[in-house]
Amino acid sequence: MAGMTRSSSVARGSWSVAPEPFDSPAAAALWRAYYTEVSDRWYEVHEGRTTDPDELEREIAAETGAEFAPPAGVLLVARHDGEPGGTAGVRMLDATTGELRRVFVRADLRGKGAAPLLLAAAEAAARGLGARRLVLDTRSDLVEARALYARHGYEETAAHNDQAYAEHWFRKDLTG
């Protein structure tokens, strides 16, 4: 996996991970599932409700994922027994810094090894894009995500952006 580029793929057990166009039907379905879950979770924690359907559609449509298009980005799709089960995206912020986004595994497939595989594939893809470090942001209520990143060598750092919902920022050096 260390030399993985945007055009290579990785498989482990019944999982495979490979780059996919950000606007493919599988990527779009996983984006919808991801956004619905994190949005509903935020509203349930803060307002005791799920996301308004009109708002959900507006926000899903507003973030096309075009930042994951080559040459400055890549979207990886993990498939479990051939079915789309998760994503991880990398976009370059500058010549040596990549940003990890949209790390997601469908709820019914969690605990089956996809998240570490997606992280490893995203790190390899980021290296292939020239990244020497990866940064990411997440929220306080996404405790599982924060634990995953910490387990895989990401260190919590000062803010690197001013995203509205970002509450925790992480960084990982990819050169070691």
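Residues numbered from 1 in each chain as written. Predicted model: local features only at pLDDT ≥ 70, side-chain atom pairs only at ≥ 80, totals over all residues. Heavy atoms only, no water.

Draft legend 1. Geometry of the packing of helix α1 (residues 25–47) against helix α2 (residues 53–62). Interaxial distance between α1 and α2 falls to 10 Å at its minimum, and their mutual angle equals 130 degrees. One way to sum up the angle between α1 and α2 is to call them oblique. Here α1 and α2 pass one another in a crossing that is right-handed. In this structure, α1 uses Trp31, Arg32, Tyr35, Thr36 and Tyr43 to contact α2, whose residues at the interface are Glu55, Leu56, Glu57, Glu59 and Ile60. (Axes fitted to C-alpha atoms, helices over the stretch in contact; angles between N-to-C directions. Helix = DSSP H or I, 4+ residues; strand = E, 2+ residues; numbered from the N terminus. Parallel < 35°, antiparallel > 145°, perpendicular 65-115°, else oblique. Left-handed = near helix turned anticlockwise from the far one by under 90°. Contact = heavy atoms within 4.5 Å.)

Draft legend 2. Expanded view of the layout of surface pockets. Its volume calculated, the largest pocket comes out at about 1,200 Å³. Lining the largest pocket are 43 residues; nearest its centre among them are Tyr34, Val38, Val103, Thr138 and Leu142. Where the lining of the largest pocket is concerned, the elements lending two or more residues are α1, α2, β5 (97–105), α3 (114–128), β6 (133–138) and α4 (143–151). Of the residues in the lining of the largest pocket, the class split is 22 nonpolar, six polar and 15 charged. (1 Å grid on protein atoms, 1.4 Å probe; cavity = no way out; pocket = protein on both sides within 12 Å on 5 of 7 lines; lining within 4 Å. Points joined across faces, edges and corners; volume = space filled by probe spheres on them. Nonpolar A, V, L, I, M, F, W, Y, C, P; charged D, E, K, R; others polar.)

Draft legend 3. Representation of the pairing of β6. By the criterion of burial, β6 is predominantly enclosed, with five of the six residues buried. Where β5 and β6 come together, three bridges link them in parallel fashion. Of the residues in β6, the one forming a bridge with Gly98 is Leu134. Each parallel crossover has a hand, and for β5 linked through α3 to β6 it is right-handed. With six bridges joining them, β6 and strand β8 (residues 168–173) adopt antiparallel strand pairing. The residue bridging Thr138 from the neighbouring strand is His168, located in β8. (Buried < 20%, exposed > 50% of the residue type's maximum accessible area, 1.4 Å probe, protein only. Pairing = 2+ DSSP bridges. Right-handed = clockwise from strand over helix to strand, strands pointing away.)

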